[in-house]
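# Secondary and tertiary structure notes
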Amino acid sequence: MDATSRPPKPPCSTATQGHIHHRKHAASVERRPSSPTPKASDALPLPLYLTNAVFFTLFFSVAYYLLHRWRDKIRNSTPLHIVTLSEIAAIVSLIASFIYLLGFFGIDFVQSFIARASHEAWDLDDTDPNYLIDEDHRLITCPPASISTKTNLASAAPKLPTSVPLITSLASEEDEMIVNSVVNGIIPSYSLESKLGDCKRAAVIRREALQRMTGRSLGGLPLEGFDYESILGQCCEMPVGYVQIPVGIAGPLLLNGREYSVPMATTEGCLVASTNRGCKAIYLSGGSTSVLLKDGMTRAPVVRFATATRAAELKFFLEDPDNFDTLAVVFNRSSRFARLQGIQCSIAGKNLYMRFSCSTGDAMGMNMVSKGVQNVLEFLQNDFSDMDVIGISGNFCSDKKPAAVNWIEGRGKSVVCEAIIKEEVVKKVLKTKVASLVELNMLKNLAGSAIAGALGGFNAHAGNIVSAIFIATGQDPAQNVESSHCITMMEAVNDGKDLHISVTMPSIEVGTVGGGTQLASQSACLNLLGVKGASEESPGSNSRLLATIVAGSVLAGELSLMSAIAAGQLVRSHMKYNRSSKDVSKAAS
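Worth saying up front: this structure is predicted, and the values here are computed from it rather than measured.

### Some words on the layout of surface pockets
Of the volumes computed, that of the second largest pocket is approximately 880 Å³. Lining the second largest pocket we find 32 residues, and of these Phe226, Tyr242, Val243, Leu519 and Gln522 sit closest to its centre. In terms of residue count, helix H16 (residues 520–529) provides more of the lining of the second largest pocket than any other element does, four residues in total. Among the residues making up the lining of the second largest pocket, the classes are represented as 19 nonpolar, twelve polar and one charged. Residues from two domains meet in the lining of the second largest pocket; each of domain 2 (169–244) and domain 3 (247–295 + 413–578) gives at least three.

### Some details on the pairing of strand E13 (residues 498–508)
Buried residues dominate E13, accounting for ten of its eleven residues. Bridging between strand E10 (residues 412–421) and E13 involves eight bridges; their strand directions are antiparallel. Among the inter-strand pairings, Ile420 is bridged to a residue of E13, identified as His500. With seven bridges connecting them, strand E12 (residues 486–493) and E13 associate as antiparallel partners. Following the sheet pairing, Thr488 is matched in E13 by Val503. In sequence, E12 turns back onto E13 through a hairpin of four residues, with Asn494 there showing a positive phi of about 55 degrees.

### Some points on the pattern of salt bridges
One pass over the full model with this rule turns up 17 salt bridges. For Glu193, the salt bridge goes to Arg206, with nearest N and O atoms at 2.7 Å. Within this pair, whereas Glu193 is found in helix H5 (residues 192–196), its partner Arg206 is found in helix H6 (residues 199–214), the two being separated by 13 residues in sequence. The pair Glu193 / Arg206 is uniform in exposure class, with both members buried.

### As for the nonpolar core
Met264, Ile421, Ile508, Val554 and Leu559 are the most contacted members of the largest nonpolar core, which totals 52 residues. When residues in this core are grouped by element, the largest group, twelve residues, is from helix H17 (residues 541–566). Look past the residues within four positions of Val554 in its chain and what remains in contact with it is Ala462, Ile465, Val466, Cys486, Val503 and Met505. Judged by nonpolar contacts, the second largest core, of 29 residues, contains Leu327, Ala328, Leu352 and Val369.

### Let's talk about the packing of aromatic side chains
Counting across every chain of the model gives nine aromatic pairs. Taking 5.3 Å as the distance between ring centres and 25 degrees as the angle between the ring planes, the aromatic pair formed by Phe226 and Tyr242 counts as stacked. Note that Phe226 is positioned in the loop between H6 and strand E3 (247–255) and Tyr242 in the loop between H6 and E3, a separation of 16 residues in sequence. On the basis of relative accessibility, which here comes to 30%, the residue Phe226 falls in the partly exposed class. Within the aromatic cluster, the residues linked to one another by ring pairs are Phe56, Phe59, Phe60 and Phe98.

### Things to note about the confidence of the model for the protein
Looking at the protein as a whole, its pLDDT mean stands at 84, while 77% of the residues score no less than 70. Overall, residues 1–37 carries pLDDT values under 50, and its contacts beyond four positions in sequence, including any with other chains, amount to 78 contacts. Per-residue pLDDT stays below 50 along residues 121–165; that stretch engages in 94 contacts with residues further than four places along the chain or on separate chains.

### Examining the packing of helix H14 (residues 462–473) against H16
At a minimum axis distance of 7 Å, the contact between H14 and H16 shows a crossing angle of 115 degrees. On the basis of their axis angle, the class for H14 and H16 is roughly perpendicular. Each of Ile471, Ala472 and Thr473 in H14 lies in contact with H16, whose residues at this interface are Ser521, Gln522, Cys525, Leu526 and Leu529. For the contact of H14 with H16, the per-class residue count stands at five nonpolar, three polar and no charged.

### Some remarks on the packing of helix H9 (residues 321–332) against helix H10 (residues 366–380)
Across the interface, H9 lies against H10 with an axial gap of 7 Å and an inter-helix angle of 125 degrees. Taken together, the axes of H9 and H10 lie oblique to each other. H10 is crossed by H9, and the crossing has right-handed handedness. Residue-level contacts link Thr326, Leu327, Val330 and Phe331 of H9 to Val369, Gly372, Val373, Asn375, Val376, Phe379 and Leu380 of H10. For the contact of H9 with H10, the residue count by class is eight nonpolar, three polar and no charged.

### A closer look at helix H8 (residues 308–319)
The periodicity of an α-helix, 3.6 residues per turn, causes residues three or four places apart in sequence to face the same way. Here H8 spans 17 Å end to end across twelve residues, near enough to the 16 Å set by a 1.5 Å rise per residue. For H8, the complete set of buried residues consists of Ala311, Ala312, Leu314, Lys315 and Leu318. Seen from one end, H8 has its buried residues packed into an arc of 160 degrees, which puts them on one side. Exposed and facing more than 90 degrees away from the buried side of H8 are Thr309 and Phe316. Where H8 is buried, its residues meet strand E6 (302–304), H9, strand E7 (339–348), strand E8 (351–359) and H10.

Cut-offs applied
Residues numbered from 1 in each chain as written. Predicted model: local features only at pLDDT ≥ 70, side-chain atom pairs only at ≥ 80, totals over all residues. Heavy atoms only, no water. 1 Å grid on protein atoms, 1.4 Å probe; cavity = no way out; pocket = protein on both sides within 12 Å on 5 of 7 lines; lining within 4 Å. Points joined across faces, edges and corners; volume = space filled by probe spheres on them. Helix = DSSP H or I, 4+ residues; strand = E, 2+ residues; numbered from the N terminus. Nonpolar A, V, L, I, M, F, W, Y, C, P; charged D, E, K, R; others polar. Domains from an automatic or database assignment. Buried < 20%, exposed > 50% of the residue type's maximum accessible area, 1.4 Å probe, protein only. Pairing = 2+ DSSP bridges. Salt bridge = Lys/Arg side-chain N within 4 Å of Asp/Glu carboxyl O. Core = buried A, V, L, I, M, F, W, Y, C linked by side-chain atoms within 4.5 Å. Contact = heavy atoms within 4.5 Å. Phe/Tyr/Trp six-rings, centres within 6.5 Å; stacked < 30°, edge-to-face > 60°. pLDDT = per-residue confidence, 0-100. Axes fitted to C-alpha atoms, helices over the stretch in contact; angles between N-to-C directions. Parallel < 35°, antiparallel > 145°, perpendicular 65-115°, else oblique. Left-handed = near helix turned anticlockwise from the far one by under 90°. Expected span 1.5 Å × (residues − 1). Arc of directions from axis to C-beta.

Have a look at this one:
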């Protein structure tokens, strides 16, 4: 039977324009706004729904007539093979109508088995009404039931600008089938990697499905040139591409007698240039010096008891020096690098917060300390069976939030970095005066921040430098919050001629192994600094060195920005270097 003898097809949410075999009763066709004028069929010069009605009526009418006639013959003992002209016409009509109905409705029935086989191969739900099969056996998705039949599907999805076409990069018809299954909700997007066994292919399919579902193009988001295998299970889920962030180099930064070229990933103009100027001023003045004050990552679970008295008993137990060695043995089982340093407790009614601190080698260490804390909690259940563990983190840690406990006690690496900038360098390179810098620092970074109620924010823009280095070296960007805690101090020395500047940063949270540090680009930036991977000779030394480099870079950034403000250059430099006259929209297209 030719496809034109079937009911009109509903519009489907796919770029494939193959014919779709309709499954529903033909009477529903006349209610579809997508086909207001039913087309004539090949069987009769009538609309399809009238043709179907004629053959349905003919089939059941002649069947009833023949059954009635055969019943009379049986009663009258008349042989059944003796037929009249009317009975011959009825038999011919029955066969003709049966062939028509079988050809029209039977093909869909057969193809339903094809659909079922295809879906079972992907663990699909064959009860979902939103898929059909075209003549090429490709999965075609149709409008979900939640969309009204009165809604035109072409207008239901957001429109794309005509100048931004959808980018399709499917390699095969099988990919097309999978895309439609994802769009239709039959295959979960998050399961593509495990089902396909190919992370790049999964990203391509997910990206195409996202474009079709949203009606928005991702043409400007790069897809090629990235190792999607490297992020599986540790960096990012359900990828559809990657974002390009330019990396600039500031330096050389002369720190503790060594030179470092500092990679900074940023989209802010003047940031790298300003930090580079600070590095130059430090270099010409003999370099900077940094000292690591403390190194310990923290995690603070919260537990609850029936009474505050019982919570206090556990607090005293944990803080008793006689119990520390036992707890340390239990904690340190989590890793060969984890070493428990101390436990600080705080009570709120019958709730107890325990802040564990431990060294973590060259890793940033959040997972390491969490596993150690879990070991201790399970051990404590033996003697404190009435202890109810509410959460592995009770925010007394405190991670990715500004908190006084990090500002006071420190978290991660605590570093102080200083330098003495010569008077002639302040005048020639920084274009200002020592007295002006000292006064500005007191009124801006100290008094101004105090008036603002700052928590760890007694600086000009430490977060700028920290974020740029974090992104370039694969750190957790969200930990910029506490890692940017910094107080900048300036003082005139050597009879008021030279400038002493320092930054104190109590909670720099960095690592050189794990997380995003193993990605190719980030690994290259760590290699540039000489801190890639774990140190075999002295575990933890690479991450500690990275923390001091961050502090030294912040020192350079603070020095340059404060000088620009003191000299009245801030607005002028940003207007010159941070405002492009290029028509970005035309360049992108």
